[in-house]
Amino acid sequence: MSHPYDILIRPSITEKSVRLREDSHTVVFEVDKKSTKQEIKRAVEEALSVKVARVSTLLMKGKKKRHGRAVGFRPDRKKAFVTLEPGQKIDLFEGK
């Protein structure tokens with residue numbers, strides 16, 4: 001079993017993720033590409049002391065980027081959409 005912070009890389013703070021957090025109590029994290037839904041659920045519950053109702057994941061391919069003639073790619077990422085149980089909240093995002 002790995003440490004929760006080996007699985008959770010960073011929270012995603014975008015307009016869409018903020019709207020999801022407010023409307024449907026869903027928090028978006030960037031996670032390790034090899035992690036499973038069960039590992040993500042356990043990591044969020046251990047690290048943030050909340051109850052998780054559901055986890056959905058999404059693999060994002062890296063975009064091709066150019067700088068002059070040089071061509072490169074952004075890295076591939078995995079996002080996890082974590083839905084919290086009713087009444088649960090993460091103090092990290094509440095600003096207190």
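Residues numbered from 1 in each chain as written. Predicted model: local features only at pLDDT ≥ 70, side-chain atom pairs only at ≥ 80, totals over all residues. Heavy atoms only, no water.

Draft legend 1. The environment of Pro4, seen in detail. With respect to the element layout, Pro4 can be found in helix α1 (residues 4-7). For the pair Pro4 and Arg42, spaced 38 residues apart in the sequence, the C-alpha separation amounts to 7.7 Å. Those residues in contact with Pro4 that sit more than four places away from it in its chain are Ala43, Glu46 and Ala47. (Helix = DSSP H or I, 4+ residues; strand = E, 2+ residues; numbered from the N terminus. Contact = heavy atoms within 4.5 Å.)

Draft legend 2. Spatial organisation of the side chain of Glu30. Positionally, Glu30 belongs in strand β2 (residues 26-31). Classification of Glu30 as buried rests on a relative accessible area of 14%. Residues within four places of Glu30 in sequence aside, it is in contact with Ile7, Leu8, Ile9, Arg10, Arg77 and Lys78. (Buried < 20%, exposed > 50% of the residue type's maximum accessible area, 1.4 Å probe, protein only.)

Draft legend 3. Structural detail: the pairing of strand β6 (residues 77-84). Of all 8 residues in β6, 7 are buried; the element is thus mostly enclosed. Relative to β6, β2 runs antiparallel, the two being bridged by 6 bridges. Across the sheet, residue Phe29 finds its bridge partner in β6, namely Ala80. Inspection of the sheet shows strand β3 (residues 52-60) paired to β6 by 8 bridges, in the antiparallel sense. Each residue of the ladder has a partner; that of Val52, found in β6, is Leu84. (Pairing = 2+ DSSP bridges.)

Draft legend 4. Broad picture of the environment of Lys34. Here Lys34 shows up in the loop between β2 and α3 (37-48). Between the alpha carbons of Lys34 and Ile7 there is a distance of 8.6 Å; along the sequence they are 27 residues apart.

Draft legend 5. Region of the structure containing the sheet that holds β3. Spatially, β1-β2-β6-β3 is the arrangement adopted by the 4 strands of the open sheet, whose pairing is antiparallel. For this open sheet the edge positions go to β1 (8-11) and β3, each flanked by a neighbour on one side alone. Pairs of neighbouring strands in the sheet enclose a mean axial angle of 30°, with direction left out of account. The sheet contacts of α3 involve β1, β2, β3 and β6, and relative to β3 the element is tilted by about 120°. (Axes fitted to C-alpha atoms, helices over the stretch in contact; angles between N-to-C directions.)

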